[in-house]
Amino acid sequence: NSMRISSKIESPVLENTLPFLCGSSILLQWSYFTKSDSSIVQLSEDKEFRAIKQQIKISKTNVIINELKSGATYYWRVANYSNHEQSEWSVSGRFTVLPSPILVDQSKSITIKEGMALPLKLEVYSLDSVQYQWKYNGVNIEGATAASYTIQDAQSTQGGLYSCAYKNQCGSAETSPIYVIINP
C-alpha cells in the first residue's frame, strides 16, 4: 500500500507564482496535461522541504492555504497521484507574506523656543517601501512625505498637534499625537 514514484505520471505545473502577498491566505493553483486522481500539495518554510508545514491531498487543481504568518517566506510544490503512484514533485514556488508597516519609534511631545528647529521623525519597519504623510492639527502638510519632517525656524503659531500617517501595500497606520509647544 506504499506510494511509488512513477515517470508515467506527469508532474504538475504551478500557475500562480506571485512573490509577495498581503493577508493570511493564498490560493495556490496548478495544472497538468495528464489526468490524475488527485494532487498532493506540500507547504514548507524551508526550500528543501525538510519540515512540512502542511500537506494536503486534493482532487482539484487549486487549494486555499490559511493562517500564514506575516513576514514568513513559504515554499510549495505539487505532485500528481494516481493508482498508488505519485509523479515527481513540481518545481517549487515561493512567496513571502508581507506585514503591514510596524512603528518602531517616533518623536515625543516637545517644547522649544521660537526660532529653533523643530525636528520630527519616525522609524517604521517594513519589508517593502513605505509612504509617509505628516499632518498638522489633522491636516496634511504639503510636501511632508518622508520619515522625518523639520521646521527650521519654528514660530509660536506652529505649535499644535503633529502626526504622521504611513502605509505600505499591506496596510496603513498613524503615529500617536506629538504635542508641540513653541514658546516666544
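As shown above, the structure is provided for reference.
In this report, the structure presented in the accompanying data block is examined. (Residues numbered from 1 in each chain as written. Predicted model: local features only at pLDDT ≥ 70, side-chain atom pairs only at ≥ 80, totals over all residues. Heavy atoms only, no water.)

**Here's the deal with the pairing of strand β8 (residues 73-82)**
Move 1: A large share of β8 lies buried, amounting to 9 of its 10 residues.
Move 2: Where strand β5 (residues 38-44) and β8 come together, 7 bridges link them in antiparallel fashion. Bridged to S39 within β8 is N80.
Move 3: The pairing of β8 with strand β9 (residues 85-86) spans 2 bridges and is antiparallel. Note that in β9 the partner of S82 across the bridge is E85.
Move 4: Linking β8 back to β9 in an antiparallel pair, the connection comprises 2 residues, with N83 at a positive phi of about 50 degrees. (Buried < 20%, exposed > 50% of the residue type's maximum accessible area, 1.4 Å probe, protein only. Helix = DSSP H or I, 4+ residues; strand = E, 2+ residues; numbered from the N terminus. Pairing = 2+ DSSP bridges.)

**Here's the deal with the state of the cysteines**
By definition, a disulfide is the covalent link that joins the sulfur atoms of two cysteine residues.
Move 1: Within the structure shown, the criterion is met by 1 disulfide.
Move 2: A sulfur-sulfur distance of 2.0 Å marks the disulfide that ties C22 to C170. Its S-S torsion of about -70 degrees marks the bond between C22 and C170 as left-handed, since a negative value means left-handed. Of this pair, C22 sits in strand β3 (residues 20-22) while C170 is found in the loop between β17 (160-168) and β18 (171-174), placing the two residues 148 residues apart along the sequence. (Disulfide = S-S within 2.5 Å.)

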